[in-house]
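Here is how the chains run, residue by residue.
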Amino acid sequence: MAEQQINVAVLGGGSFGTALASIAADNGARVHQWMRDETLVAQINHEHRNGRYLPHYVMNSAVQASTDLQAVLADAELVLIAIPSKAFRSVVQAAKAWLRPEQILVSTTKGIEQDSFLLMSQVLEQETGFTHIGVIAGPNLASEIADKQLTATVIASADPLTRTRVQQALGCRYFRVYASDDRHGVELGGALKNIYAIAAGMAAALGMGENTRSMLMTRALAEMSRFAVAEGANPMTFLGLAGVGDLIVTCSSNLSRNYRVGYAMGEGRTLEEAVDALGQVAEGVNTVKLVCAKASEMGVYMPLAEGLYHVLFDGVPAQDMARTLMMGEQSSDVEFILPRETVQREHRDQALHNHASKDHASKDHASKDQVFKNSGDKNA
Ligand SMILES: NC(=O)C1=CN([C@@H]2O[C@H](COP(=O)(O)OP(=O)(O)OC[C@H]3O[C@@H](n4cnc5c(N)ncnc54)[C@H](OP(=O)(O)O)[C@@H]3O)[C@@H](O)[C@H]2O)C=CC1
Ligand SMILES: O=C(CO)COP(=O)(O)O
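What you see is a predicted model; the values in this text were computed from it and never measured.

Each value, and the rule that gives it
- Within every chain, residues take consecutive numbers counted from 1 along the sequence as written.
- Ligands are numbered from 1 and chains lettered from A, in the order in which they are written.
- At least 70 in pLDDT is required for a residue's local features to be given in this predicted model, at least 80 for side-chain atom pairs to be given and counted, and no such filter applies to totals for whole chains, interfaces and linings, which use all residues.
- Based on all heavy atoms of the structure, the side-chain values leave hydrogens and waters out of the count.
- Secondary structure counts use DSSP, requiring at least four H or I residues in a row for a helix and at least two E residues in a row for a strand, with both numbered from the N terminus.
- For a compact globule the rule gives 2.2 Å times the number of residues to the power 0.38, and the radius of gyration it is set against comes from C-alpha atoms.
- Think of it in three bands: residues with accessible area under 20% of the maximum for their type are buried, residues over 50% are exposed, and the middle band is partly exposed, with areas taken using a 1.4 Å probe on protein chains only.
- What makes two residues a contact is simply this: any of their non-hydrogen atoms within 4.5 Å.
- To be clear on the numbers: accessible area is Shrake-Rupley with a 1.4 Å probe, and residue cover counts the displayed protein chains and nothing else.
- By the counting rule applied here, Lys and Arg register as positive and Asp and Glu as negative, while His and the ends of each chain are not counted.
- Charge positions are represented by NZ for Lys, CZ for Arg, CG for Asp and CD for Glu.
- What makes a nonpolar core is a set of buried Ala, Val, Leu, Ile, Met, Phe, Trp, Tyr and Cys residues whose side-chain atoms join them at distances within 4.5 Å.
- The salt bridge criterion pairs a side-chain nitrogen of Lys or Arg with a carboxyl oxygen of Asp or Glu, the two atoms within 4 Å.
- Think of it this way: one heavy atom of a residue within 4 Å of a molecule or strand is enough to make that residue near it.
- Pairing of N or O atoms within 3.5 Å defines a polar contact, subject to two protein rules: one partner must be a possible hydrogen donor and the other a possible acceptor, and residues neighboring in sequence count only if both atoms are side-chain atoms.
- Every definition here rests on a 1 Å grid over the protein atoms only: cavities are sets of points where a 1.4 Å probe fits but cannot get out, pockets are open sets enclosed by protein on both sides within 12 Å along at least five of seven lines, and lining residues have some atom within 4 Å of a point.
- A cavity or pocket is said to hold a molecule if more than half of that molecule's atoms lie within 2 Å of its grid points.
- Asp, Glu, Lys and Arg are counted as charged, while Ala, Val, Leu, Ile, Met, Phe, Trp, Tyr, Cys and Pro are counted as nonpolar; the rest, among them Gly, fall into the polar class.
- Start and end points for every domain follow an automatic or database-based domain assignment.

K.L.:
Describe the overall build of the chain, and please don't skip the residues or the numbers.
P.N.:
Tallying secondary structure elements over the chain gives 16 helices and eight strands in all. Taken over C-alpha atoms, the radius of gyration comes to 26 Å for the chain, far larger than the 21 Å a tight globule of 380 residues would show. With respect to the three principal axes, the spread of C-alpha positions in the chain is 115 × 45 × 35 Å. When each of the 380 residues of the chain is scored for burial, the buried share is 51%. For the chain, long-range pairs separated by at least 24 residues make up 71% of all intrachain contacts whose partners lie at least 6 apart in sequence. Here the chain has roughly 18200 Å² of accessible surface; of this, 53% comes from carbon and sulfur atoms. Both charge centroids of the chain, one from 33 positive and one from 42 negative side chains, sit 3 Å from each other.

K.L.:
An account of the nonpolar core is needed here, citing residue identities and associated values.
P.N.:
One finds Tyr-196 and Phe-227 to be the most contacted residues of the largest nonpolar core, which totals 46 residues. Where this core is concerned, the elements lending two or more residues are α8 (183-205), α9 (210-230), α10 (241-252), α11 (257-266), α12 (271-278), α13 (284-298), α14 (303-313) and α15 (318-326). The element best represented in this core is α8, accounting for nine residues. Contacts of Tyr-196, omitting those with residues within four sequence positions, involve Leu-216, Ala-220, Glu-223, Met-224, Leu-247, Cys-251, Met-302, Leu-304 and Ala-305. Grouped together as the second largest cluster of nonpolar side chains are 37 residues, Ala-29, Ala-65, Phe-175 and Val-177 included.

K.L.:
Residues and numbers for the pattern of salt bridges, please.
P.N.:
Tallied over the full model, the rule gives 17 salt bridges. With a closest N to O distance of 3.2 Å, Arg-100 and Glu-102 form a salt bridge. The class for Arg-100 is partly exposed, based on a relative accessible area of 26%. With a relative accessible area of 51%, Glu-102 lands in the exposed category. The shortest N-O distance in the salt bridge between Lys-193 and Asp-246 comes to 3.8 Å.

K.L.:
An account of the site of ligand 2 is requested, with residue identities and associated values reported.
P.N.:
Around ligand 2 lies a shell formed by Lys-110, Gly-138, Pro-139, Asn-140, Leu-141, Lys-193, Asp-246, Thr-250, Ser-256, Arg-257 and Asn-258. The contact in question runs from an oxygen atom of ligand 2 to an N or O atom on the backbone of Asn-140, over 2.9 Å. Relative to its unbound accessible area of 300 Å², ligand 2 is 92% covered by the protein chains. Judged by its atoms lying within 2 Å of the grid points, ligand 2 is housed in the largest pocket. Mapped onto the shell around ligand 2, the elements with two or more residues apiece are α10 and α11. A class-by-class count of the residues in the shell around ligand 2 yields two nonpolar, five polar and four charged. Both of domain 1 (7-181) and domain 2 (192-326) provide at least three residues apiece to the shell around ligand 2.

Next comes the structure, spelled out in structure tokens:
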């Protein structure tokens, strides 16, 4: 599908960076992949394998790995950055000297920066001031892409050149790239769904059923879009691959690292044990902390995220939290149709009405008693 050979740089030697580098090469691009691990570089260049992150995947042999950032970025027209959010800014800062304004910079990272609450494309914007900036997000389990399972993603950018070049560079017979101009919504979708994937893994380990999983995912979608709208994103984005699409896959698959952390905790492991056993990034653990703090600052109602926070960090048993959530106030299904506040008001009005009727009934009762008493007096 690539119309002309494009030079692509991938920063990051983890599972997603490796899968994307190989897709671009399958698609005819010249690909250089940067990572800091010399042993992995040698393995990719000689055996076309990333033994640490995707051991069974035979990569496209044209991918050239290197620990030299300058060399990797030298001719790149498109730079894909697949570095966990904790290290993202430092890698961009290290790369900055060799980045150029005409390059297209795309974050593939589904996380939020700790102190700033910035998404990774905002970090890119802040660090470089460039205009060709975008994000990739969608239901994209790296190991399934490695198996060449048919997969779709979203490139989101306000810049048309970024959208079309990424579609041309990555779209191929097993990887389909859809376009969006709601960069903020797409990026938030990718980051937020990790929270609910942890909860879904926990629910599965605790033997909760399919009804429960469906409820969890649907209410997660309501919560994610409520938060994203408060942050200025378009709620319709959550109907797409980066919203409901990514939520479905990450809340259903043992291949998701966030799901696996939740599952391990549901089996009785502590958070630390679950994260250590994973040995890779599970962005949702940090995201739930940051989002709960932000939601309470902005007054956004996020009971599932807050519930998960209490389970992860305050030692509340997951079953107790599930029971508490089930007894929360009755709410609206789709709040863009029937606002949550309307349902709450209806409940308040009904309660006032019941109270007034009870009051009236008791007054009525009292006056009847009085009449009875009076007539009794008369009869006496
Ligand atoms: N894997 C997946 O299925 C998908 C992942 N993503 C997102 O992609 C992002 C990257 O994930 P993924 O590739 O899976 O992550 P991995 O955990 O598989 O790999 C992380 C990579 O980042 C490198 N890295 C970490 N810290 C630093 C640092 N300080 N300096 C330089 N390199 C560093 C690691 O290097 P080292 O090995 O030397 O530590 C490794 O190459 C995540 O935010 C994730 O949400 C998105 C879609 C799918
Ligand atoms: O984002 C992903 C799939 O789309 C990968 O999820 P995990 O980071 O939970 O593995």
